[in-house]
Every structure is written in C-alpha cells, then in structure tokens.
Amino acid sequence: MPEKEPIGVIGVGWVGLVTAACFAELGHEVHARDIVEDKVASLSHGEVPIHEPELPELVTKNAERLHFTTDMDELLENAELLFCCVDTPPTYSGDADLSRVDAVIESLGDSNEHALVMKSTVPVGTGRSIKRRRDGLAYVANPEFLKEGSAVRDFMKPDRVVVGADDDSEEFAQRVQALYEPLGAELVRTDVASAEMIKLASNAFLATKISFINEIANVSEELGADVEEVARGMGLDERIGPKFLQAGVGYGGSCFPKDVQALKQLAGNSGYHFQLLTAVVEVNELQKRRTISKLQKHLGSLVGKEIALLGVAFKPNTDDVREATSLVLAGRLHGEGANVRVYDPVAAERARAILGDARICDSALDAVNGADAVVLVTEWSEFEDLDWGGEVKRRMRTPLVVDGRNFLDREVLQAAGFTYEGVGR
Ligand code: UGA
C-alpha cells in the first residue's frame, strides 16, 4: 500500500466535494464519483458548482490528486475505503430517504475488499440494516460535523472525529482513523449505532439551543430584557458555552430541520414520543413568522406595502436556500398583500422559482429603493457596511428596519432616525 492511502468518494455534493478536496489536501489520491455527468465534467475542469469559501482554491491546488468520474469501477479499482456522501433528504413521512444510499450499495457489487465509510446522515440502525442485507461488507460510520460557509476550516480543524465500527470491521476502522491523525483532533472510537446517534443528537441539541434562546428572546421582548445581554451572561458559564445562543428568525438549512425531524420520527417509530423535539420544531416555525407582526406593529396592514428582504440564503457565506427563513417570509408577506423585493449576494437566483412574485434585485440599494421596511434575514457582512444613515435612509419610504439577526448597530440606526426592531431586545 502506498504511504498515503487512496480513497474513494461517492456522491460529489457539498459534503462529498469538501471531503474529497480536503483529503487531497492531506496528500491522498482521491477518486470521486457522481452520477451527474455535467457536474463531473465541470469539476474535472476545476469549476466548483457551489459557493463555499476556500473550496475552489483547494480543488485547483490539488487538481492532480483529484480524479472525478462517473464510473464506479474506477473507485473500486483504485481505493478500498469508499466514503458514501450521497444526500438523504426527508420523505413526506419525515423519515430519511435512503434510496441513494441503497443505490450506492447496489453499485458496490459483491466485493469484500472494500469498506463503506458512511458520511451521509442516516437514521440510527442504518449500518446494522445494511450489514444484514449485504453480508461481508465492511462498514464504518464516520459522521461529518461540517458547517456550510466554513466547511473547509471545520474539516481541517475538527472538534472531534467520530469513527464507529463493529468488531468485524475493526481493521478498516483503524485505517479510517489513520486518515484523520494529521488533524490532531480528539477521536471518539465507538460502535456504529452510537456514531449514528452522535450525529443526530448533536444537530438536535444545537437546534434545541437555538429554539431555547429564541424563546428567551420572545419573553425578553415582553419583559424588557435584552437577549444579547442574556446570552452573553449565560454563555460565560462553561457548562452552557457562548455558541449557538444567537437569537434570530429561526434556523434553516439542509441539516437541522431535517435531522431534528428524522430523530423525532425515528424515536416515534420505536414507540418513544420525543416531546422536547416537537417543541423545538414548533418554536422554530413560529419564530420564522414573528417578523410579520413586527412589521404590522409599525405599518398596520401590509397590503400594498413594499418590503425589502436582505438575505435569502439560510445563513451567510453559502448559496444554499434550503429551508431558509426568507422563503417562509416572502410567502407570508405575499399572503398579507405586501410587495416583496429580495437581495442576496449569491443565493437569490437559486431561489427564483420558490420566491414566487418577489422581485429579485441586483443590489441591496436597489432592494431598499422606495421600501416601507427592510427586513435583515441573513447576516451577510456587506449589509453591515451599507450607508444606513445616508443612502439607505434617503432611498426608503419609511425608515423601518427589522433586524432578524440582531446584526446591525442598533444605536447607530436609531441615531440616524430609523425605527429599529431586533429580536429579543
Ligand atoms: C449544521 C451543524 O452546525 C453542523 O455541525 C452539521 O455538520 C451540519 O448541520 C450537517 O448536519 O451537515 P449548517 O446547517 O451548515 O451546519 O449551519 P449552522 O451554522 O449550524 O446553522 C444552521 C442554522 O441555525 C442557520 O439558519 C443559522 O442562521 C441558525 N443559527 C445558528 C441561529 O439561528 N442561531 C445560532 O446561534 C446559530
């Protein structure tokens, strides 16, 4: 075996591409396979189809070690550790759709020289069920904890690496472990089911933390406390920690909404009613809509009002719009009879079909032109740099800002004559 183990990556979506590029950066030959020919073709020319900081540079830098293909045999010939990175979207029932994972297993044939290393987020019990169906296949659970917008950094400096394998796959588990050794992270070596649960429980806990602080924010609005101060004071307690205590217009994205639902469903399937997660989901849904009443408080009826949404992506530094709060808000505003215009530095086009009647603008200034209110939905740094007191205020019909992320400088805006509504303050 060469000094650096070659690896295979199956599914070159967001997780797969980051995984492939980062392992190549660590010196491995990486054979990455996707079924979408156009994507493979453009990646082979160094074109990265998603917006993720540092990723295009990494793909270009490691082009010689990155081999993109549509051919599964190329992976089977060149690598023994095959990282499964296909997506597992939610089904109507709230369970995860595992059809793409099943297709991957089909495509492995009956080889027993390979190990399937599962990075896709799967329900607890998936590893066991795959092994039952596919006798002799080595299986390692290796969940990912990357955040969109900082995925490359998260991969290279992980808080922990989780490797789950049962006794029959021990040798392969050690080889997976070895891949991560240069990163110097804490290793959690465990069984497959526990590794699967670590992934779902981590996302569910972070979502719970967000819904919790959003409820504290809502109560603070009623009682005159400032949630930013409350979060600061709470976060200094080491047992609580300062992260994921940012109150706002709710969490979105391809992970929290799906994984919270999947864990709730999974518990339900086994007869357990996971009450806490039911509340976490409900709080988040209501949180996405609270902005409407804040607008009505100042504008009265929203019929015919011009509302500018700044930010469409579910968070900054990504063009991902899945489960984004902007989409719910645009729909609700439209329902109230308002005219909606949106601006996002990278994500608006992706959402064009879902945004319905909303007008997509080329710049933030274009979006605020003649607006009765601005709602800051995504905290892109360029929104902080806008000339709020000058150009923005001049262009708006009414100087009203609903800052859905407590991102802007409240004092500066108020001093400039804006009516400012934050979250929980
Ligand atoms: C999340 C997890 O943080 C990753 O560890 C995990 O690997 C990933 O899901 C996944 O399962 O693939 P991601 O969805 O990229 O990552 O984004 P986050 O940074 O976690 O943000 C999720 C949502 O929560 C965003 O809408 C964000 O605006 C919101 N959020 C986050 C808050 O409202 N408040 C906070 O304090 C933090």
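Whatever comes next refers back to the structure up there.
This text gives an overview of the structure that appears in the document. All values derive from a computational prediction rather than experimental measurement.

1. What to know about the sheet that holds strand 9 (residues 306-310)
Pairing within the open sheet is parallel, and its six strands lie in the order 11-10-9-12-13-14. Strands at the two margins of the open sheet, each flanked by one partner only, are strand 11 (359-360) and strand 14 (419-421). Pairing of strand 13 (residues 400-403) with strand 14, which is carried by three bridges, proceeds in the parallel orientation. What sits directly across from Val-401, in strand 14, is Tyr-420. Contacting strand 9, strand 12 (373-376), strand 13 and strand 14, helix 12 (residues 275-299) crosses the sheet at an angle of about 160° to strand 13.

2. Some remarks on the site of the ligand
Lining the immediate surroundings of the ligand are 19 residues, of which Leu-146, Glu-148, Lys-199, Asn-203 and Lys-315 lie closest. In the model, an oxygen atom of the ligand is placed 2.7 Å from a nitrogen or oxygen of the Lys-315 side chain. Side-chain polar atom of Arg-405 to an oxygen atom of the ligand: 3.2 Å apart, as the coordinates give it. Counting only elements with at least two residues in the shell around the ligand, the list comes to helix 9 (192-223) and helix 11 (256-269). Looking at which element gives the most residues to the shell around the ligand, the answer is helix 9, with three residues. Counted by class, the shell around the ligand contains nine nonpolar, three polar and seven charged residues.

3. Focus: helix 5 (residues 99-107)
Within helix 5 the residues assigned to the buried category are Val-101, Val-104 and Ile-105. Each buried residue of helix 5 lies within a common arc of 100° when the element is viewed along its axis, so the set occupies one face. Those residues of helix 5 hidden inside the fold are in contact with strand 1 (7-10), strand 4 (81-84), strand 5 (115-118) and helix 6 (126-133). Gly-109, located one to two residues past helix 5, shows a positive phi value of around 65°.

4. Quick notes on a negative patch on the surface
Negative charge collects at one region of the surface, where Glu-382, Glu-384, Asp-385 and Asp-409 lie side by side. Secondary-structure assignment places Asp-385 in the loop between helix 15 (381-384) and helix 16 (388-395).

5. Observations regarding the packing of helix 9 against helix 10 (residues 227-235)
Where helix 9 contacts helix 10, the axes come no closer than 9 Å and their chain directions differ by 135°. When the axes of helix 9 and helix 10 are compared, the pair comes out oblique. Two packed elements cross with a definite hand, and for helix 9 against helix 10 that hand is right-handed. Residues Phe-212, Ile-213, Ile-216, Ala-217 and Ser-220 of helix 9 touch helix 10, and the partners they reach there are Val-227, Val-230, Ala-231 and Met-234. Split by residue class, the contact of helix 9 with helix 10 holds eight nonpolar, one polar and no charged.

The rules we used
Residues numbered from 1 in each chain as written. Predicted model: local features only at pLDDT ≥ 70, side-chain atom pairs only at ≥ 80, totals over all residues. Heavy atoms only, no water. Pairing = 2+ DSSP bridges. Helix = DSSP H or I, 4+ residues; strand = E, 2+ residues; numbered from the N terminus. Contact = heavy atoms within 4.5 Å. Axes fitted to C-alpha atoms, helices over the stretch in contact; angles between N-to-C directions. Near = heavy atom within 4 Å. Polar contact = N/O pair within 3.5 Å; in protein donor to acceptor, adjacent residues only side chain to side chain. Nonpolar A, V, L, I, M, F, W, Y, C, P; charged D, E, K, R; others polar. Buried < 20%, exposed > 50% of the residue type's maximum accessible area, 1.4 Å probe, protein only. Arc of directions from axis to C-beta. Patch = residues over 30% accessible without salt bridge, like charges linked within 9 Å, V, L, I, M, F, W, Y side chains within 5 Å. Areas by Shrake-Rupley, 256 points an atom, 1.4 Å probe, with all protein chains shown as cover. Salt bridge = Lys/Arg side-chain N within 4 Å of Asp/Glu carboxyl O. Lys, Arg positive; Asp, Glu negative; His and termini not counted. Charge placed at Lys NZ, Arg CZ, Asp CG, Glu CD. Parallel < 35°, antiparallel > 145°, perpendicular 65-115°, else oblique. Left-handed = near helix turned anticlockwise from the far one by under 90°.

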